[in-house]
Amino acid sequence: MQDPLSRRQFILVSALSAAASAFWSACARFQPAPAFTPEERRLVEALADQVIPPDDVPGGKDAGVAEFIDRQLRGPYRRHRQAYRSGLAKIDETSRRTAGAPFAELAFDRQTALLQALEADRVPEGIWAPGEAREFFRLVADHCLQGYYGSPRHGGNRNFASWKMLGLDTPQVLGRVVVKG
Amino acid sequence: MPQGRVNAVVVGAGAAGGVVAKELATAGLSVVLLERGRWQTFDDHDHDELISQRTTVLGNAFGPDDERHRRVVRLGDRFQTVLPSEGAYGNNAGCVGGGTLSYGAMAWRFMEQDFRMRSIYGCPEGSTLEDWPITYHDLEPFYEKAEQEIGVAGDADANPFQAPRRKPYPMPPFAYNTEGRLLEASARRLGFHPFPLPMLRNSVPRDGRAACIHCRSCVGFACEVQAKCGTQNTVIPAAIRTGNCRVFTGCVAKEVLTDARGRATGVAYFDPRDRLQRQEADLVVISASATESARLLLNSKSRLFPAGLGNRYDWVGRNLQGHAYSGAYGLFEQETYDDVGAGATIGICDFNHGNPGIRGGAMLANEFIRLPYLFTNVRPPGSARWGRGHKEFQRKYYRRSVGVQGPIQEMPVFESRVEVDPVVKDHWGIPVARISGSRHPHDVEIGQFMAEKAELWLKETGAVQTWRRVAGRGVSGGQHQAGTCRMGNDPKTSVVDAHCRVHDVDNLYVVDGSVHVTNGGFNPVLTIMALGYWASSHIVKEQGLEARG
C-alpha cells in the first residue's frame, strides 16, 4: 500500500504539472514558419487551380495543394526552396510585364494562357534563363499533382477530394478477400 | 557490437543474404547478418503512395535515406550526384528483407534458354552476351526450395513454356481480377497461352501468416497483414530461431578485410553510432545487390588486391543490367478497375524466346494497380499534363485503363558499369558508387517488338485507344539490377565461379543478382533466392567449417 502524498510532495507535484501543461500549450501554439509569404501562397494557390481546376470536384487550391508544397519545402523539398523563391517572383514579374497585374489577379483563362507560354518557353526577355520557365513550371505542376493525388497526411488531398473523384473508398476497406465477379 | 570470430558474416539481409544466413545457421554454423537498414513494418509508411518504393518523391520508405547516402550517375555528358529518392539513383531498398519487403512479389523461374543465351542467339556486336556456367537443371532443386520455403502461389501446369519442374507450387494460384479476365479471353483468341502469375504472396493462410486481403497498395509497400512472403518474415526469422544467427541492423559495410595470404578475414563496418567495427569470420558472403556488392569489392583494396577484391581482370562492376520495361497501355469504354489488389494477375511467356530477329524477349503481364499520382504519368502521347484536360482524363480513365508490359532481357554491355567515385563519399566517408554506360541498341529493338505484342493484346481486348511505351538506351540497373560480378569458369572473364565464390579468394562469396550472366526476361528475385540456396549448399559441403559458438 502506497503512502498518500505528503503536503510537500503534493505542492511539488502540482507545481510540476502546472509547468508541464504550460510547456505543452506553448508547444501547441508553436507553428514552424511557413515557407511561403502570403503573396507567394496566393500565387501557388492560383497555380494549383490551374493544374487541377475546380469543377464539381474541388480544385488544387481547395484540396490544400499549397499547404502540401509549403510543408514539403520545409522537409524533403528544402532543396527546391530557392527555385520556388526565385521562380514565383519571376512568374509574377512575367505576369506584370505581359498582363499588367500579378498572376493571382488575372482572369482564369488569362492565367492559363500565361502558363502555356511559360511551358513553351515563350517568355519576355530578361526574366528567365533559357529553359528555366519551362523547367520551373513543370516542377510546380508535378508538385501540385503530388499534393492533389497523394496521401492527405502530407497536407494536400483535403477530405480525400481526389480519391473520391476516382471512386476509391477512403479509407481503404480492409479484408476484401472475395474477388468480385 | 561485433561478436567474437564467427563462421560467416553475410553483408545484406535481402533476397539472397537472408537465404544464405538461414541455410548456414541451420547447418549449425554461426552467422552475423549485417544490414545497413532496419526492421520495417507497415505502420512506418501506411498506404502513402508518395513514399512508396515505386514513387519515392518524398523519400524511400524502406531506405536508404537521403541524408547519408549518395551515388554519382552519368547523365548525358556529365556525372551528377544523386539522392536515393531520385530515380537516377537506381535504388532497390535498404532494410531487413531488402526489396522483398515491398516488392510486387512475382515468383519467376528463368527458362532453360535464359542460361544459354550466347549459344542460342550468338553475341551481338558491342555486347558481352555469354552462357551461364550452370544450367537451369543445376538450379531447379533450389528454385523448388525457394518456392516451398518462402512460399509461392501459382498454377504449376498452366504455363506451357515453363522449364520442367518436379513439384507444384505450395499454394493455389490467385484468381484473375477484372483485367485478368478480360485479358485471358483475348489472349486465347490470339492463340497466346495465358496463366495466373506465380506470386511470393499467400493465397491461403500459411506459415503463421494471413492470406492476401487484396488491398490496392501492394507493390512498393510492406504488406499490412504479412501476406507477402519476403526474407524478412520467412528465412531470416528462421535463421534467428536456430540460435546461430545474429542480425546487426543499421550497420554499413566499409570493406572486406583480407590477410597477407589473400584470404578474407571479416568485414569492417560502421555500427549504428558510426563507430568503425570489425567482424571477423571464417568466410564472407556479400549479398548487397549488384550496385553495392560491386562497390564493396572495389572499396576493399589492399597490397595484394590493389584494384579491389575479385578485380584482377577489371570485371567487377561491369555488365550492369536491369530490365528495360516495355509494353503498352489501352483505354476502354467499360470499367476495368475493380480495386482488387495487387492488380497484376495474368501473364504470358509466348514471347520470351523464339522471336524472329530478336534475341530473347520477355514475359508480358498486366500491370499492378496504378495509384492516383502514378496514374498522372499514364497518358497517350500529346495529352494535356495539367488543366481541365488532365483532370478529365484522370476522372474518366483511372478506372478504364489497362497496362501490359514486360521486363526485356537486356544484352550485357561491358561499359555499362559500377565504379567507385574518386571524389564523392557518403556519410561514413566511404567512396560512393558511380554508375555509367547505357543499354545495348538491341534492347530497344526487343522493347519495340514486345510493345507491339502488348498493344496487339490490348486491342484484341477491346481497347478504344492504345499507345506503346518502349524503354530507351539510358543507364541500366535499378530495381532489378544485376550482372556486376559475373559468374563464369574463366577467371579472366568473370568474377565468381559457378558456386558464387570469388575466383582468387577461396573464402569470399558474392551471392545476389550481381552474379547473373544474363538477367532473364523475368523479375529476377526467385532466381536470386535460388542462387542463395545453391551457393549455401556448396558452402556447407565444401568449406569444411567447424561450428564456432
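Residues numbered from 1 in each chain as written. Chains lettered and ligands numbered in written order. Predicted model: local features only at pLDDT ≥ 70, side-chain atom pairs only at ≥ 80, totals over all residues. Heavy atoms only, no water.

Caption draft 1: Representation of the overall build of chain A. Regarding its fold elements, chain A presents seven helices and zero strands. Ordered by position from the N terminus, the helices and strands of chain A form the series α-α-α-α-α-α-α. Relative to its 181 residues, chain A shows a buried fraction of 43%. Of all intrachain contacts in chain A linking residues separated by at least 6 positions in sequence, the fraction that spans at least 24 positions is 62%. (Helix = DSSP H or I, 4+ residues; strand = E, 2+ residues; numbered from the N terminus. Buried < 20%, exposed > 50% of the residue type's maximum accessible area, 1.4 Å probe, protein only. Contact = heavy atoms within 4.5 Å.)

Caption draft 2: Seen up close, the overall build of chain B. Of the regular secondary structure elements, chain B holds ten helices and 17 strands. For chain B, whose C-alpha radius of gyration is 22 Å, the value lies close to the compact-globule estimate of 24 Å for 549 residues. Seen through its C-alpha atoms, chain B measures out along the principal axes to roughly 70 × 50 × 45 Å. Out of the 549 residues in chain B, the part that is buried amounts to 66%. When the accessible surface of chain B is split by element, carbon and sulfur atoms take 48% of a total near 18,400 Å². Taking the average place of the 62 positive charges on the side chains of chain B and the average place of its 60 negative ones, the gap between the two points comes to 2 Å. (Rg over C-alpha atoms; globule rule 2.2 N^0.38 Å. Areas by Shrake-Rupley, 256 points an atom, 1.4 Å probe, with all protein chains shown as cover. Lys, Arg positive; Asp, Glu negative; His and termini not counted. Charge placed at Lys NZ, Arg CZ, Asp CG, Glu CD.)

Caption draft 3: Broad picture of the sheet that holds strand E3 (residues 71-75) of chain B. All names here are of chain B. A sheet is described by the order of its strands in space; here four strands give the open sequence E4-E3-E15-E14, paired in mixed fashion. Only two strands of the sheet have a single neighbouring strand rather than two, namely strand E4 (78-82) and strand E14 (417-425). Going from strand to strand, the sheet's axes swing by 35° on average, the running direction of each strand aside. Where E3 and E4 come together, five bridges link them in antiparallel fashion. Bridging from a neighbouring strand, valine 73 pairs with glutamine 80 of E4. Contacts from helix H6 (residues 290-298) reach E3, E14 and strand E15 (431-436) within the one sheet, and its direction differs from that of E14 by about 65°. (Pairing = 2+ DSSP bridges. Axes fitted to C-alpha atoms, helices over the stretch in contact; angles between N-to-C directions.)

Caption draft 4: Quick look at a positive patch on the surface. On the surface, a cluster of positive charge is contributed by A:Arg134, A:Arg138, B:Arg385 and B:Arg469. Following the sequence through the fold, B:Arg385 ends up in the loop between helix H7 (372-375) and helix H8 (387-397). A residue is classified by how much of its surface remains accessible, and B:Arg385, at 38% relative accessible area, is partly exposed. (Patch = residues over 30% accessible without salt bridge, like charges linked within 9 Å, V, L, I, M, F, W, Y side chains within 5 Å. Salt bridge = Lys/Arg side-chain N within 4 Å of Asp/Glu carboxyl O.)

Caption draft 5: Representation of the sheet that holds strand E11 (residues 346-348) of chain B. All names here are of chain B. With antiparallel pairing, the six strands of this open sheet are ordered in space as E5-E11-E12-E13-E10-E16. Looking along the sheet, the strands with just one partner apiece sit at the ends: strand E5 (195-196) and strand E16 (465-469). Direction of pairing for strand E10 (residues 323-331) relative to strand E13 (residues 401-409): antiparallel, over a ladder of nine bridges. Bridge pairing in E13 links glycine 330 to valine 402. On top of the sheet, helix H4 (residues 178-190) reaches E11, strand E12 (364-366) and E13; it is set at about 75° to E13, its chief contact. In the packing of helix H9 (residues 441-461) onto the sheet, contacts are made with E10, E11, E12, E13 and E16, and the angle to E13 comes to roughly 150°.

Caption draft 6: Main features of the environment of A:Pro38. Secondary-structure assignment places A:Pro38 in helix H2 (residues 38-51). Between the C-alpha atom of A:Pro38 and that of A:Ile127, which follows or precedes it by 89 residues, the distance is 23 Å.

Caption draft 7: Layout of the domain arrangement of chain B. All names here are of chain B. Looking at chain B, the domain boundaries give domain 1 (1-103 + 108-151 + 230-323 + 412-438 + 476-543) and domain 2 (152-216 + 325-407 + 440-473). Spacing between the C-alpha centres of domain 1 and domain 2 amounts to 28 Å. Contacts between domain 1 and domain 2 engage 46 residues on the former and 43 residues on the latter. Buried surface at the junction of domain 1 and domain 2, both sides included, amounts to about 3,500 Å², of which 56% is carbon and sulfur. In this assembly, domain 1 and domain 2 are joined by four salt bridges. Among the salt bridges present, the one from glutamate 144 reaches arginine 166, with a minimum N-O distance of 3.2 Å. Within the residue set of the side of domain 1 that touches domain 2, elements represented by two or more residues are helix H2 (117-121), helix H3 (136-151) and helix H10 (525-542). Here the side of domain 1 that touches domain 2 gets nine residues from one element, more than from any other, and that element is H3. Residue composition of the side of domain 1 that touches domain 2, by class: 19 nonpolar, 18 polar and nine charged. (Domains from an automatic or database assignment. Buried area = accessible area lost by both parts, 1.4 Å probe. Nonpolar A, V, L, I, M, F, W, Y, C, P; charged D, E, K, R; others polar.)

Caption draft 8: Focus on the pattern of salt bridges. Residues and elements named next belong to chain A. Counting across every chain of the model gives 48 salt bridges over all chains. Across the salt bridge formed by arginine 41 and glutamate 67, the nearest N and O atoms sit 3.1 Å from each other. Here arginine 41 is found in helix H2, whereas its partner glutamate 67 is found in helix H3 (residues 65-73), with 26 residues between them in sequence. Using a relative accessible area of 24% as the deciding quantity, one classes arginine 41 as partly exposed.

Caption draft 9: Region of interest: the interface of chain A and chain B. If you look at the interface, chain A gives 45 residues, while chain B gives 37 residues. When chain A packs against chain B, the two sides together hide about 3,400 Å² of surface, and 57% of this comes from carbon and sulfur. Joining chain A to chain B, the criterion identifies five salt bridges. With a shortest N-O distance of 3.4 Å, A:Asp56 and B:Arg395 are connected by a salt bridge. Counting across the interface, chain A meets chain B through 19 residue pairs in polar contact (both at pLDDT 80 or more). Those elements that place two or more of their residues in the side of chain A that touches chain B are H2, H3, helix H5 (108-119), helix H6 (132-149) and helix H7 (161-165) of chain A. Broken down by class, the residue content of the side of chain A that touches chain B amounts to 22 nonpolar, 13 polar and ten charged. (Polar contact = N/O pair within 3.5 Å; in protein donor to acceptor, adjacent residues only side chain to side chain.)

Caption draft 10: Molecular detail of the environment of B:Asn489. Residue and element names in this part refer to chain B. In this fold, asparagine 489 is placed in the loop between E16 and strand E17 (508-510). Owing to a relative accessible area of 61%, asparagine 489 belongs among the exposed residues under this scheme. When the C-alpha positions of asparagine 489 and arginine 275 are compared, they lie 39 Å apart, and in sequence the two are 214 residues distant.

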